[in-house]
Amino acid sequence: MTGRRTRPRRAGARTAAWVYVALMLFFLFAPLAVVLAVSFNPTANMNLQFTAFSLRWYHQVATDPLVVAAFRRTALAAVVTAVVSAALGLTGALGAARLSQRWRTVIFTVPLVPLAFPALLFGIGLASFYHAIGAGFSIWATIAGHVILALPFVFLVFAAALERFRFSLLDAARDLGAGSFTIFRTVTLPLLRPAILGAMFLSMAISADEFVIAFFTAGSQQTLPLVLYGRINLGVNPGLNAIGSVLLLITMALAFFAARTSVLELP
Amino acid sequence: MTDTSPPVVRLDGVTKYFGPVLAVSEVCLEIRQGEFFSLLGPSGCGKSTTLRMVAGFEQPDHGSIFIQGTDVTERPANKRNANMVFQNYELFPHMTVLENVSYGLKIKRVPKAEARHRTEAMLETVGVSGLENRRASQLSGGQQQRVALARALVNEPAVLLLDEPLSALDAKLRKRMQLELKTIQHKLSTTFLYVTHDQEEALLMSDRIGIMSQGRLLQVGTAREIYESPSHPFVADFVGSLNAFPLRLDEVTGLLGVSRLGQAQQVTVGVPGGTQPGTFLQVAIRPEQVRMRPRLDADGAAAGADGKECRVYGMVHDIMYLGPLTHYLVDTPALGRIVSQQLSERRAAPFRAGDNVVLSWEPDATFALGAAGGTAGNGA
Amino acid sequence: MLLAPPTIYFVLLFVVPLIVLVAYSFYTYSNFNFSAKLTLSNYMQALSNPALRAFYFRTLKIALGVSVGVVIVSYLFSHILMYVLPGARRILYFLVLVSLFGGYLVRIYAWRTMLGADGILNGLLVRLRLISHPAGFLLNSNFAIIVALLNFLIPLGVLPIFSAMQNISPKLLEAATDLGASRVRIARTIVLPLTSRGIRAAFAFCFIATMAEWVTPQLLGGPLDQFVGNQILYQFGQTLDWPLGAAIALTLIASVVVMLGIISWLLRLVTR
């Protein structure tokens, strides 16, 4: 099996490409890796001179009541955001499913507007809105904003899932005598389960890390990113590395699960 | 009719592996100037791979490819004097028809005026003049097909490569395009190398056909040669349909073997010299060669029956009316089920299910499919 | 019907807040409070105040630079993934997506520690004897802001460009090759026009995000490096002059839309 694949010119291009890719990935991941690494360094310096591996800082933040409260609030916000946005996304997607192509495009494009819309503007808009109607700032105010941020992604996931959805299966179920609710429960929902799960994980990832909206709407009920922000301004504190590491690990894990569940979707 | 000009395309022992799979095996082929040549075979037989190797999109692992006498095996696809019409047309969506068709000319730095002139002339030849400024996405399937053809032909390649270009069209349009392609090819005298899995298409359009199966080129010849003298059991079976059955030779006289099946039934088949009586062969007869007549009691010596004709008795099992043709499925005790194809009679078929009939055919219409004695071709 | 809940929610919590914001931008401010007396003074200030103008143009400069940079880097990266290293395409793209979720604030914090006087980068430079003492300019500077912006905007830029490139059928490129095109010509005449939308989307994302950015300048920039967003924050947080803040924000977004329109049109010309 002799091949004729001798193309020395391209080998040089490939090496250069690998170097470029490596540099870029290094640039993208270096800050995260550093925070993670330093969080395990028991001595309070920032330059990777490791004395030992220690969970000292994690212990410190785990016993800090402010941090724990913030963590709980962040978790709550993430879960509620996920459930609400998934529910809204699902009803929207199903409602749009049988419409004409043109309407479908509109319905699936409009929720994408918040994607490009700057968080600062949305943040002050929400703050103004809550002020105008007399609602206070709280974690729930933040959650309401997070849902809007998560909706574009949820819609994107559902739009893709609907593209692949075999509506003929619903007709088959009806032909066999199933009523609308039964069809929904036994056919539609199970088939959309990967998309729903993926959308929920994605929403959780977005909400957990979200900072700007929370800044303007959470008031005294701080989320974890807000705590991190507050303490950054107080100066360098090695405990921040632990908080930061926790945050980034959580969001990356959630994103990972989101990717896995949608990849596992059977055609 | 010997063509003394050098072949436009020559493949010499071309072989290609995809990993452990042998996709194309030792293909040797010569395509003559101005010829419409088709590579015909089932999916996965290697015909598309062979075409892509001529185009330059795949590299053979062994063997060489020559275009107009030059060895182009090592040449990249954009430096060969061959152009391809793709199955899904692959028109550039962001360009107009004019830009699409003149793309190749622009690369060759043909002056703008000349390029425009050639483009418009070619668009007229393929039948889509007036669409120059439309975007590719605004055209119908048939129009896109013609533009793709124009885009390739305008470069005046030594050979035009066509990769199942009509498979995306509906049946009526296909038939029309088949004839049009043939007309265009004649008009321009360009050499065409055409790949298809549709035997009817190949038979209709080609000057010569190469049958491929499992990477090997089994036989090359004109439509008639391939249909009437298949050199390989696969070829016989793939092109047209067959009645195939095993036969034990009772006698061999010269190059004719005879098998007596009792009650004045017999089948004869051409055999190579030296074949012994008692040999088992797999033989075949084409349905349209099988004649039918009602069986009379005195059929042992029925009038007009040639002593040499092949003759089998049977009963009509089923009748399939196909419009211009009718298929009769006849069950014969001697040879199993035989299909006889007849031109349809008006109003009613001359036979009904349950009728006793005599099937007969010319003594030299039977051919052997192999087992002992089949001749395999070498694709010259 | 089914579409009601999401529509209501969207209108109530996205459209209405923006309407309120617009309304507030016309309110009058006095003594850490504002009343519903309508006035145009906020907009007058937003458009004419020289200090604000300075903030604005500083931000604009960086936004343009960063957006162009991200587009170029992302395009190169996508090109490599599609055509130079296609074998590693999936895993490399996956890695980029993962980095997208690595956190916004965490990154900014990370750069703050890495670029500080006793941070890693300085430590490395000193150890390699490239500089004799820690460089102060790494932090509290435009440099730091730009580095951090690039850090979280590059994955954002790769997404639309890569997906646009992915949608180009490889057979289309084969057709171009068949007609005699070299790789360079294919990149210029086929790939570039067909990825034009993705390029414009990537540019828009980066441009909008940077123009409205405030966290990065606040945590990584010096007092002279602040963006327009910081000014808006100041009005909302410190002086409580929400009307002015709203007016600045709305003029900002209006100008961004106009500029994007122009730049998008230019980009389309270039990539045709």
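Computed from a prediction, not measured in an experiment: that's the story for all the values here.

Rules used in this analysis
Residues numbered from 1 in each chain as written. Chains lettered and ligands numbered in written order. Predicted model: local features only at pLDDT ≥ 70, side-chain atom pairs only at ≥ 80, totals over all residues. Helix = DSSP H or I, 4+ residues; strand = E, 2+ residues; numbered from the N terminus. Contact = placed C-beta atoms within 7 Å. Rg over C-alpha atoms; globule rule 2.2 N^0.38 Å. Buried ≥ 20, exposed ≤ 12 C-beta atoms within 10 Å, placed from the backbone. Pairing = 2+ DSSP bridges. Nonpolar A, V, L, I, M, F, W, Y, C, P; charged D, E, K, R; others polar. Axes fitted to C-alpha atoms, helices over the stretch in contact; angles between N-to-C directions. Expected span 1.5 Å × (residues − 1). Domains from an automatic or database assignment. Parallel < 35°, antiparallel > 145°, perpendicular 65-115°, else oblique. Core = buried A, V, L, I, M, F, W, Y, C linked by C-beta atoms within 7 Å. pLDDT = per-residue confidence, 0-100.

Student: Is there a simple way to think about the overall build of chain B in this case?
Tutor: The helix and strand inventory of chain B stands at nine helices and 21 strands. Overall, the C-alpha framework of chain B stretches about 80 × 50 × 40 Å when taken along its three principal axes. Long-range contacts, defined here as pairs at least 24 residues apart, represent 66% of the contacts in chain B between residues at least 6 apart.

Student: What is the right way to look at the overall build of chain A in this model?
Tutor: Counting its regular elements, chain A contains 12 helices and zero strands. Rg of the C-alpha trace for chain A: 23 Å, well past the compact-globule value of 18 Å for 267 residues, more than 25% over. In terms of its C-alpha atoms, chain A occupies a principal-axis envelope of roughly 75 × 70 × 30 Å. Within the span of chain A, comprising 267 residues, buried residues form 45% of the whole. When contacts within chain A are restricted to residue pairs at least 6 apart in sequence, long-range pairs at least 24 apart make up 76% of them.

Student: It is not clear to me how the pairing of strand β17 (residues 310–321) of chain B should be interpreted in this structure. Could you clarify?
Tutor: Sheet faces and side chains relate simply in a regular strand, where the side chains alternate between the two faces. Residue and element names in this part refer to chain B. Where β17 and strand β20 (residues 356–361) come together, six bridges link them in antiparallel fashion. Looking across to β20, one finds that R311 is bridged to S360. With six bridges connecting them, β17 and strand β18 (residues 325–332) associate as antiparallel partners. Pairing of M315 across the sheet is with D331, part of β18.

Student: Help me understand the interface of chain A and chain C, please; the structure alone is not making it clear to me.
Tutor: Accessible area lost during the coming together of the parts is what is often quoted as the interface size. Every contact between the two is made by 54 residues of chain A and, on the other side, 61 residues of chain C. Of all the secondary structure elements, the ones that give two or more residues to the side of chain A that touches chain C are α1 (8–39), α3 (65–97), α5 (113–116), α6 (119–133), α7 (139–164), α9 (180–209), α11 (224–232) and α12 (239–263) of chain A. Of the residues contributing to the side of chain A that touches chain C, the split by class is 44 nonpolar, eight polar and two charged.

Student: Is there a simple way to explain the sheet that holds strand β5 (residues 70–71) of chain B in this structure?
Tutor: Each strand in a sheet pairs with another by means of backbone hydrogen bonds, the pair being arranged parallel or else antiparallel. Residues and elements named next belong to chain B. Pairing in this open sheet of four strands is antiparallel, and the strands run β2-β1-β4-β5 from one edge to the other. Taken across any chain shown, the strands that pair with only one partner, and hence form the sheet edges, are β2 (21–31) and β5. The pairing of strand β1 (residues 9–18) with strand β4 (residues 62–67) spans five bridges and is classified as antiparallel. Within β4, the residue paired with L11 across the bridge is I65. Contacting β1, β2 and β4, helix α1 (residues 47–55) crosses the sheet at an angle of about 120° to β1.

Student: Looking at this structure, I do not really get α6(A). What am I missing?
Tutor: Since there are 3.6 residues in each turn of an α-helix, residues three or four apart along the chain are aligned in direction. Residues and elements named next belong to chain A. Its 15 residues place the ends of α6 21 Å apart at the C-alpha level, agreeing with the 21 Å of an ideal helix rising 1.5 Å per residue. For α6, the tally of buried residues reaches 12 of 15 residues, placing the bulk of the element in the interior. Along α6, the residues that are buried comprise A119, L120, L121, F122, G123, I124, G125, L126, A127, S128, F129 and Y130. Following α6 by one or two positions, G134 adopts a phi angle in the positive range, close to 80°.

Student: What exactly am I supposed to notice about the domain arrangement of chain B here?
Tutor: The domain architecture assigned to chain B consists of domain 1 (9–233) and domain 2 (243–371). Distance from the C-alpha centre of domain 1 of chain B to the C-alpha centre of domain 2 of chain B: 41 Å.

Student: Sorry if this is basic, but what is going on with the pairing of strand β9 (residues 208–213) of chain B here?
Tutor: Residues and elements named next belong to chain B. Taken across its six residues, β9 has five buried, putting it largely inside the fold. With four bridges connecting them, strand β3 (residues 36–40) and β9 associate as parallel partners. Across the sheet, F37 pairs through a bridge with R208, a residue of β9. From the end of β9 to the start of strand β10 (residues 216–221), which pair antiparallel, there are two residues, and Q214 there has a positive phi angle of about 50°.

Student: Mind showing me how you'd approach the packing of α6(A) against helix α1 (residues 4–24) of chain C here?
Tutor: In helix packing, the relevant descriptors are the interaxial angle and the interaxial distance, both defined with respect to the helix axes. In contact at an axis separation of 8 Å, α6(A) and α1(C) are set at 85° when each is read in the N-to-C sense. Overall, the two elements α6(A) and α1(C) adopt an arrangement that is roughly perpendicular. Taking contact as the criterion, the partners of A:I124, A:G125, A:L126, A:S128, A:F129 and A:A132 in α6(A) are, on α1(C), C:V16, C:P17, C:L18, C:V20, C:L21 and C:Y24. Its residues assigned to classes, the contact of α6(A) with α1(C) shows 10 nonpolar, two polar and no charged.

Student: Can you walk me through the nonpolar core in this structure?
Tutor: Where a protein is soluble and globular, its nonpolar side chains tend to be buried together. Of all hydrophobic cores here, the largest spans 160 residues; its most connected members are A:I124, A:F158, A:A205, A:L228 and A:I243. Per-element accounting of this core gives the leading share, 16 residues, to α7(A). Contact partners of A:A205, with chain neighbours within four places excluded, come to A:T251, A:L254, A:A255, A:A258 and C:F101. Listed in part, the 108 residues of the second largest apolar core include B:L161, B:V195, B:A284 and B:W361.

Student: Before we go on, may I ask you to explain the sheet that holds β10(B) in this structure?
Tutor: Residues and elements named next belong to chain B. Here we have six strands laid out as an open sheet, ordered β6-β7-β8-β3-β9-β10, and mixed in their pairing. Strands at the two margins of the open sheet, each flanked by one partner only, are β6 (82–85) and β10. The mean angle between the axes of side-by-side strands here comes to 20°, regardless of whether they run parallel or antiparallel. Sheet analysis places β3 next to strand β8 (residues 191–196), joined by five bridges and oriented parallel. Pairing of L40 across the sheet is with T196, part of β8.

Student: What should I look at first to understand unusual backbone geometry in this one?
Tutor: Glycine aside, the phi torsion of most residues is negative, and most peptide linkages are trans. All names here are of chain B. Phi is positive for R109, close to 60°, though the residue is something other than glycine. Turning to its location among the elements, R109 is positioned in the loop between α3 (103–107) and α4 (112–126). On the basis of neighbour count, R109 is assigned to the exposed category, with 8 C-beta atoms found within 10 Å. The backbone of R347 sits at a positive phi, close to 75°, despite the residue not being glycine. Tracing the sequence through the fold places R347 in the loop between β19 (336–343) and β20. Judged by the 5 C-beta atoms lying within 10 Å of it, R347 is exposed.

Student: Would you take a moment to explain the confidence of the model for chain A for this structure?
Tutor: Detail in the predicted coordinates should be disregarded across regions flagged by low pLDDT. Residues and elements named next belong to chain A. Averaged over chain A, the pLDDT score is 84; the fraction of residues at 70 or greater is 91%. For chain A, per-element mean pLDDT is lowest for helix α4 (residues 101–109), which scores 76, and highest for helix α10 (residues 212–217), which scores 94. This stretch, residues 1–6, has a pLDDT under 50; its non-local contacts, to residues over four places away or in other chains, come to five contacts.

Student: Mind showing me how you'd approach the environment of A:F167 here?
Tutor: Here A:F167 shows up in the loop between α7 and α8 (168–175). Between the C-alpha atom of A:F167 and that of A:R98, which follows or precedes it by 69 residues, the distance is 9.4 Å.

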